[in-house]
Amino acid sequence: MGKNRKTWFLGVLIVGVLLLTSCASEVVEREDSPVTIEETPTDSSPSEATTADLTYEVETTEVSNIDDIVYLQGEDDVIIPPSVHLRNCAPGRIGKWKYKVYNGSLDPVIYTTAFRYPDLNHLNASAPPSNISDWITIENPMVNMEGQSEGIFNYKIDIPENAELPEISEFWIVIKKVDQKSFVQWEVILRCYLYRSS
Amino acid sequence: MKKLLLSLVLALVLVSSLVIPVLAAEFEEVTVTYSPAFISISGTTPTTWLINSLSGDSKVREDTIYYTNPLGDTTAPSATVLIGECRFATTNTSNVAIDVTLNLTDFTGGSDPMINSNTGLNGVGSYGAYGWYTGQLYANKVILQSSSSAVLIDALAATTNFNWGIELETQTDAWVGTIESSGTLTVSIMED
């Protein structure tokens, strides 16, 4: 066996060892990691519900891309979607989501958004931690939109290391037009469900 | 020696390609999914209400119940509320069932601020208010609070419009001045 062949064999051997080592470490890391990225969300309703009527129906057709939600661009104002599901939540983790607004009028309007602590919670969702508003950042609290055009609001939740999370909790995001002067005004409240990592 | 170095570089590239996805996953820890639906409202008409001006003389008296009833400012709705008794109409083209909640602020800015008692009952310096809608038993009218009112319409079916109204019982004590106050009625829409 010549020197060159020896060197080549040694190189291949090192590559093989490194490959095996890296694969093994990745498997170990994934097994230990509490994070699971799922293409299709699973039903995470609590199995230990203590009351029979505490049933929570998780929609099985949730989508991961907001642009997959189809609506008619007519003269109505549209807020998309009505609810967001934040799963695998745990201290130290970060999540980002967004809402789409369609301005159905022909005139430009300004929409605004804000966090709101819920008055009441849906079905078996609990109240969120009292300081949850501190965890949420609204990247663009106002969006100026031309007539019959779309706008996007972006949000981020940064769960602190010392956070204590209920199994499922709910908080609200409000979206409304800024320029409402009349006696009757309207707003849309969007439900955000936060699921503790199991 | 060159081949050895080449092999090492190749190994590093391969290892990096395996490690990077794991690192990337750490930045996507919270999984986000969306309910494939939307809320669509084309607004409420009309958006105004001047108390006691539908058929009355527009003068607002103390300790009196006023209704947003086109049939009469002091006429209560029927036992089951009729559409003709509802001043306000909201067009709903959402593709999900929705809950509708009404909140009514304090009346301020004038010579006689009038506070929402949040109990449905009036008192000294405070008013009581209720909301109702077409088809509802009037006896089941819902107290309007300045915030956190109970849901008025629960699980309204998708693409269903709704007609509704409110009533307001003015404060028990006499007005001090003549400058009018104003409040805001907010219609909150959310997925059921």
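All values derive from a computational prediction rather than experimental measurement. (Residues numbered from 1 in each chain as written. Chains lettered and ligands numbered in written order. Predicted model: local features only at pLDDT ≥ 70, side-chain atom pairs only at ≥ 80, totals over all residues. Heavy atoms only, no water.)

J.: Honestly, the overall build of chain B in this entry has me stumped. Any pointers?
T.: A count of helical and extended segments in chain B gives one helix and eleven strands. Scanning chain B from its N terminus toward the C terminus, one meets helices and strands in the order α-β-β-β-β-β-β-β-β-β-β-β. For chain B, buried positions account for 43% of its 192 residues. Taking contacts inside chain B between residues at least 6 apart in sequence as the whole, the part at least 24 apart equals 72%. In the structure as shown, chain B presents an accessible area of about 8800 Å², 61% of it carried by carbon and sulfur atoms. (Helix = DSSP H or I, 4+ residues; strand = E, 2+ residues; numbered from the N terminus. Buried < 20%, exposed > 50% of the residue type's maximum accessible area, 1.4 Å probe, protein only. Contact = heavy atoms within 4.5 Å. Areas by Shrake-Rupley, 256 points an atom, 1.4 Å probe, with all protein chains shown as cover.)

J.: Explanation requested: the overall build of chain A in the structure shown.
T.: Of regular secondary structure, chain A possesses one helix and nine strands. The order of helices and strands in chain A, counted from the N terminus, is α-β-β-β-β-β-β-β-β-β. For chain A, buried positions account for 43% of its 198 residues. When contacts within chain A are restricted to residue pairs at least 6 apart in sequence, long-range pairs at least 24 apart make up 73% of them. Of the roughly 10800 Å² of accessible surface on chain A, a fraction of 52% belongs to carbon and sulfur atoms.

J.: Please explain the nonpolar core as it appears in this structure.
T.: A general feature of soluble globular proteins is that nonpolar side chains tend to end up buried together. Of all hydrophobic cores here, the largest spans 69 residues; its most connected members are W97 and I175 of chain A together with L104 of chain B. In terms of residue count, the dominant contributor to this core is strand β9 (residues 184–196) of chain A (six residues). For L104 of chain B, the residues in contact, after removing those within four places along its chain, are F183 of chain A together with N116, Y127, A129, L144, Q145, S146, I166, L168, T184 and L185 of chain B. Among the nonpolar cores identified, the runner-up in size contains five residues, and Y67, V81, W132 and Y138 of chain B belong to it. (Core = buried A, V, L, I, M, F, W, Y, C linked by side-chain atoms within 4.5 Å.)

J.: Help me understand the pattern of salt bridges in this model?
T.: Pairing between side chains of opposite charge can happen when the charged atoms of each approach one another. Residues and elements named next belong to chain A. Summed over the entire model, instances satisfying the criterion amount to nine salt bridges over all chains. When the shortest N-O distance is used, the salt bridge between E170 and R191 registers 2.6 Å. With E170 in strand β8 (residues 168–177) and R191 in strand β9, this pair connects stretches of sequence that are 21 residues apart. For E170, a relative accessible area of 0% translates into the label buried. In the salt-bridge network here, residues are joined through shared partners; they are D67, K100 and E150. (Salt bridge = Lys/Arg side-chain N within 4 Å of Asp/Glu carboxyl O.)

J.: So what exactly am I meant to see when it comes to the packing of aromatic side chains here?
T.: The geometry of an aromatic ring pair comes down to the distance between the two centres and the angle between the two planes. Counted under the stated rule, the structure contains ten aromatic pairs over all chains. Residues F107 of chain B and Y127 of chain B carry aromatic rings whose centres are separated by 5.4 Å and whose planes lie at 90° to one another, so their mutual orientation is edge-to-face. Of this pair, F107 of chain B sits in the loop between β5 (98–104) and β6 (115–116) while Y127 of chain B sits in strand β7 (residues 126–133), placing them 20 residues apart in sequence. An identical accessibility class is assigned to F107 of chain B and Y127 of chain B; each is buried. An aromatic cluster is present here, built from W97, Y99, F115, Y155 and F171 of chain A joined pairwise through their rings. Looking at R87 of chain A, its charged tip hangs above the ring of Y195 of chain A, at a distance of 4.4 Å from the centre. (Phe/Tyr/Trp six-rings, centres within 6.5 Å; stacked < 30°, edge-to-face > 60°. Lys NZ or Arg CZ within 6 Å of the ring centre and 35° of its normal.)

J.: Sorry, what's going on with the pairing of strand β2 (residues 83–89) of chain A here?
T.: Each regular strand displays side chains that alternate between the two surfaces of the sheet. With respect to burial, β2 of chain A is a largely interior element, seven of its seven residues being buried. With four bridges joining them, β2 of chain A and strand β1 (residues 31–34) of chain B adopt antiparallel strand pairing. Each bridged residue has a counterpart across the sheet, and for H85 of chain A the counterpart in β1 of chain B is T33 of chain B. (Pairing = 2+ DSSP bridges.)

J.: Help me understand the environment of G72 of chain B in this model?
T.: Residues and elements named next belong to chain B. Structurally, G72 can be placed in the loop between β3 (65–67) and β4 (88–92). On the basis of relative accessibility, which here comes to 4%, the residue G72 falls in the buried class. In this structure G72 touches S55 and Y67, once residues within four positions along its chain are discounted.

J.: Got a minute to help me understand the side chain of S126 of chain B in this structure?
T.: Within the fold, S126 of chain B resides in strand β7. Apart from residues no more than four positions distant in its own chain, S126 of chain B is found in contact with M114, I115, S117, T170 and Q171 of chain B.

J.: Would you mind going over unusual backbone geometry with me for this structure?
T.: In the segment running from I80 of chain A into P81 of chain A, the intervening peptide bond is cis, with an omega of -10°. Looking at the element boundaries, P81 of chain A is found in the loop between β1 (77–80) and β2. The linkage connecting T45 of chain B with the following residue, P46 of chain B, adopts the cis geometry, with an omega of -15°. Mapped onto the fold, P46 of chain B is located in the loop between β2 (39–45) and β3.

J.: Just checking my understanding: could you explain a nonpolar patch on the surface for this structure?
T.: Residue and element names in this part refer to chain A. Among the surface-exposed residues, I110, M142 and V178 lie close enough to one another that they form a single nonpolar patch of about 250 Å² accessible area. Locating V178 in the fold gives a position in the loop between β8 and β9. With relative accessibility at 38%, the residue V178 sits in the partly exposed group. (Patch = residues over 30% accessible without salt bridge, like charges linked within 9 Å, V, L, I, M, F, W, Y side chains within 5 Å.)

J.: What is the right way to read the confidence of the model for chain A from this model?
T.: Detailed conclusions should not be drawn from predicted coordinates in areas where pLDDT is low. Averaged over all residues, the pLDDT of chain A is 79; the fraction at 70 or higher stands at 69%. Considering only residues more than four positions removed or in separate chains, one finds that residues 20–59 of chain A, a stretch of pLDDT under 50, has 46 contacts. (pLDDT = per-residue confidence, 0-100.)

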